[in-house]
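Understanding the architecture of this molecule
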Amino acid sequence: MRYRRSDIQGGSYFFTVNLLERERTLLVDQVELLRSVVSKIKTNHPFTIDAMIVLPDHLHAIWTLPEGDSNYAIRWRLIKAGFSHGLIGAELCSKSRLKKRERGIWQRRYWEHLIRDDQDYARHVDYIHFNPVKHGYVSRASEWPYSSIHRFIRNGILDMNWGAEAFDDSGYGER
């Protein structure tokens, strides 16, 4: 089945990418591997990470692609494959996944949203940074170590206590 995806060249996109087994904590257990793979992919397929959060079983990111480029799909495919290949196999694989030479680490699909305007961008950045509070991992966003919020704080964009109060994330739905 072919899915319809946005393909605005040079666009900014919000993504949610999940592990297949949502009870696993691979993404934070292997965060250095993930960082290394993302960095490697950015070398050959440049993009800007505007905001990102890595949680135990899923991640959210906003990327801006270079002018003339709309192919985020290749980047996610390479990131997922690179991360999976860096792990020692311990997961169970279905016959369908084995036939397609998939490891069974990631959900096959991911959710993507084309950022429409500055307000949409700001709401998605806030959603990303508030996510570890929403899931009960920390009481304020700056306490989560695997978040771009630290860059935002360092650059004076956000205060260290941002995210200690409730954030209205209605309409975003966890993917």
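This is a predicted model, so every value here is computed, not measured.

1. Let's talk about the sheet that holds strand E4 (residues 111-114)
Spatial ordering of the open sheet is given by E2-E3-E1-E4, a layout of four strands whose pairing is antiparallel. Each edge of the open sheet carries a strand with a single partner, namely strand E2 (48-54) and E4. Neighbouring strand axes in the sheet, compared pairwise and without regard to direction, differ in orientation by 15 degrees on average. Where strand E1 (residues 12-18) meets strand E3 (residues 58-64), seven bridges bridge the pair, whose relative direction is antiparallel. Paired with Tyr-13 across the two strands is Trp-63, which belongs to E3.

2. A few points about the pattern of salt bridges
As enumerated under the stated definition, the model contains five salt bridges in all. A salt bridge links Asp-69 to Arg-75; its shortest N-O distance comes to 2.5 Å. With respect to burial, Asp-69 and Arg-75 carry one shared label: buried. A salt bridge links Glu-143 to Arg-140, with the nearest nitrogen and oxygen atoms 3.8 Å apart.

3. Here's the deal with the layout of surface pockets
Within this model, the second largest pocket holds a volume of roughly 310 Å³. Val-31, Leu-34, Arg-35, Val-38, Ile-49, Met-52, Val-54, Pro-145, Tyr-146, Ser-147, Ser-148 and Arg-151 are the residues that line the second largest pocket. Of the residues forming the lining of the second largest pocket, the biggest block, four residues, is contributed by helix H2 (residues 31-44). The class makeup of the residues in the lining of the second largest pocket is eight nonpolar, two polar and two charged.

Definitions and limits used
Residues numbered from 1 in each chain as written. Predicted model: local features only at pLDDT ≥ 70, side-chain atom pairs only at ≥ 80, totals over all residues. Heavy atoms only, no water. Pairing = 2+ DSSP bridges. Helix = DSSP H or I, 4+ residues; strand = E, 2+ residues; numbered from the N terminus. Axes fitted to C-alpha atoms, helices over the stretch in contact; angles between N-to-C directions. Salt bridge = Lys/Arg side-chain N within 4 Å of Asp/Glu carboxyl O. Buried < 20%, exposed > 50% of the residue type's maximum accessible area, 1.4 Å probe, protein only. 1 Å grid on protein atoms, 1.4 Å probe; cavity = no way out; pocket = protein on both sides within 12 Å on 5 of 7 lines; lining within 4 Å. Points joined across faces, edges and corners; volume = space filled by probe spheres on them. Nonpolar A, V, L, I, M, F, W, Y, C, P; charged D, E, K, R; others polar.

So, to be careful, I would describe these as geometric facts and stop short of saying anything about function.
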